[in-house]
Amino acid sequence: MLKRAGALPCRKVITYLATEFDKRTQSVERHLALCPNCRAYFDSLRKTVILYRRWLAQLPTESSNQWKHHTD
Ligand SMILES: [Zn+2]
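Parameters at a glance
- Residues numbered from 1 in each chain as written.
- Predicted model: local features only at pLDDT ≥ 70, side-chain atom pairs only at ≥ 80, totals over all residues.
- Helix = DSSP H or I, 4+ residues; strand = E, 2+ residues; numbered from the N terminus.
- Buried ≥ 20, exposed ≤ 12 C-beta atoms within 10 Å, placed from the backbone.
- Axes fitted to C-alpha atoms, helices over the stretch in contact; angles between N-to-C directions.
- Parallel < 35°, antiparallel > 145°, perpendicular 65-115°, else oblique.
- Left-handed = near helix turned anticlockwise from the far one by under 90°.
- Contact = placed C-beta atoms within 7 Å.
- Nonpolar A, V, L, I, M, F, W, Y, C, P; charged D, E, K, R; others polar.

Let's shift gears to the overall build of the protein chain. Helices and strands together make up the secondary structure of the protein chain, namely three helices and zero strands. Along the protein chain, from the amino end to the carboxyl end, the secondary structure elements read α-α-α. In the protein chain, buried positions account for 1% of the 72 residues.

Shown next as structure tokens:
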């Protein structure tokens with residue numbers, strides 16, 4: 001279900017996306033309500049962020065450099 005670790009950005013970037021995604025501004029929200037294009041884009045982005053959050057939940061927190069070599 002999850003892609004290989006090599007296809008993902010670094011943990012730092014995933015963490016940023018996963019946390020900042022919920023902090024979009026009111027003006028962005030208003031735009032999304034009016035713009036189907038951006039709404040579709042955000043929908044796919046949200047799926048990616050959800051995937052990233054699941055991924056983060058699986059990662060051992062203490063080994064930020066080893067997780068890339070993690071195999072299932
Ligand atoms: Zn738009």
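With that settled, consider the packing of helix α1 (residues 11-20) against helix α3 (residues 36-58). Packing of α1 against α3 brings their axes to within 9 Å, and their N-to-C directions diverge by 120 degrees. With respect to each other, α1 and α3 are oriented oblique. Note that α1 runs across α3; the crossing there is left-handed. In this structure, α1 contributes I14, T15, L17 and A18 to the contact, and α3 contributes V49, Y52, R53, W55 and L56. The residue inventory of the contact of α1 with α3, partitioned by class, reads seven nonpolar, one polar and one charged.

For the rest of this paragraph, the subject is the environment of R53. With respect to the helices and strands, the residue R53 is situated in helix α3. Accessibility expressed as a C-beta count within 10 Å gives 16 for R53, which makes it partly exposed. Taking the C-alpha atoms as reference, R53 lies 9.0 Å from T19; in sequence the two are 34 residues apart.

The next point concerns the environment of R54. Residue position: R54 is located in helix α3. Once the C-alpha coordinates of R54 and A18 are considered, the two residues, 36 residues apart in sequence, prove to be 9.9 Å apart.

Further remarks concern the environment of L45. Structurally, L45 can be placed in helix α3. On the basis of neighbour counts, which here come to 13 C-beta atoms within 10 Å, the residue L45 falls in the partly exposed class. For L45 and L17, which are 28 residues apart along the polypeptide, the C-alpha to C-alpha distance reads 9.6 Å.

By themselves, these observations are geometric and do not establish any function.
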